[in-house]
Amino acid sequence: KGDWKYGRIEVKAMIPAGRGMWPAIWMLPTKWEYGGWPRSGEIDIMEDVGYWPDSVLATVHTEADNGMINTQPGISTKYHVYSMEWTENEMFFYVDGKEVNHFTNDKTGVAAWPFDKEFHLLLNIAVGGNWGGKFGVDDSVFPQK
């Protein structure tokens, strides 16, 4: 367990493959001081939906804005390093050291930049759901880890 405000988070992971899989390396606010999601923010260092087998997303969610980018082949057949550098004014997202997204504090307030509080790290594999399961779940891909 830990809480961070600024710094570098780096996770080496091989993510599961298959329609219906929805793995993520992400961060949520520890105290939710600006209100419920998305007002207090969410940081997705790596998020994948199994029906896009060659793509991962690096995303931030705020009340006013969000961003996503990246296509990275071979994500489920070998380990990759997913990382994020976070300062009071910027976030940079990387896959294997290559920048895939950049998000800047536009100084318009917490609706656009709630990232001045502590966040904690989550690693999970969801199955199905409103986005990961959009095209159903392929039961033949199990077991996964």
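It should be noted that the structure appears before, not after, this text.
Below, the structure is looked at part by part. (Residues numbered from 1 in each chain as written. Predicted model: local features only at pLDDT ≥ 70, side-chain atom pairs only at ≥ 80, totals over all residues. Heavy atoms only, no water.)

**A word on the packing of aromatic side chains**
The tally for this structure, following the rule as stated, stands at 10 aromatic pairs. Ring centres of Trp113 and Phe115 lie 5.2 Å apart, and the angle between their planes is 85°; on these two criteria the pair is classed as edge-to-face. Taken as a pair, Trp113 and Phe115 share a single burial class, namely buried. Cluster of aromatic residues (ring-pair linked, three or more members): Tyr6, Trp86, Phe103, Trp113, Phe115 and Phe119. (Phe/Tyr/Trp six-rings, centres within 6.5 Å; stacked < 30°, edge-to-face > 60°. Buried < 20%, exposed > 50% of the residue type's maximum accessible area, 1.4 Å probe, protein only.)

**Looking at the sheet that holds strand β8 (residues 98-104)**
In space, the 4 strands of this open sheet follow the order β1-β6-β7-β8, with antiparallel pairing throughout. Of all the strands in the sheet, just β1 (7-13) and β8 have a single pairing partner and so form its edges. Between one strand axis and the next, the sheet turns through 15° on average, direction left out of account. Here 5 bridges tie strand β6 (residues 80-86) to strand β7 (residues 90-95), and the two strands are oriented antiparallel to one another. Bridging across to β7, Glu85 finds its partner in Phe92. (Pairing = 2+ DSSP bridges. Helix = DSSP H or I, 4+ residues; strand = E, 2+ residues; numbered from the N terminus. Axes fitted to C-alpha atoms, helices over the stretch in contact; angles between N-to-C directions.)

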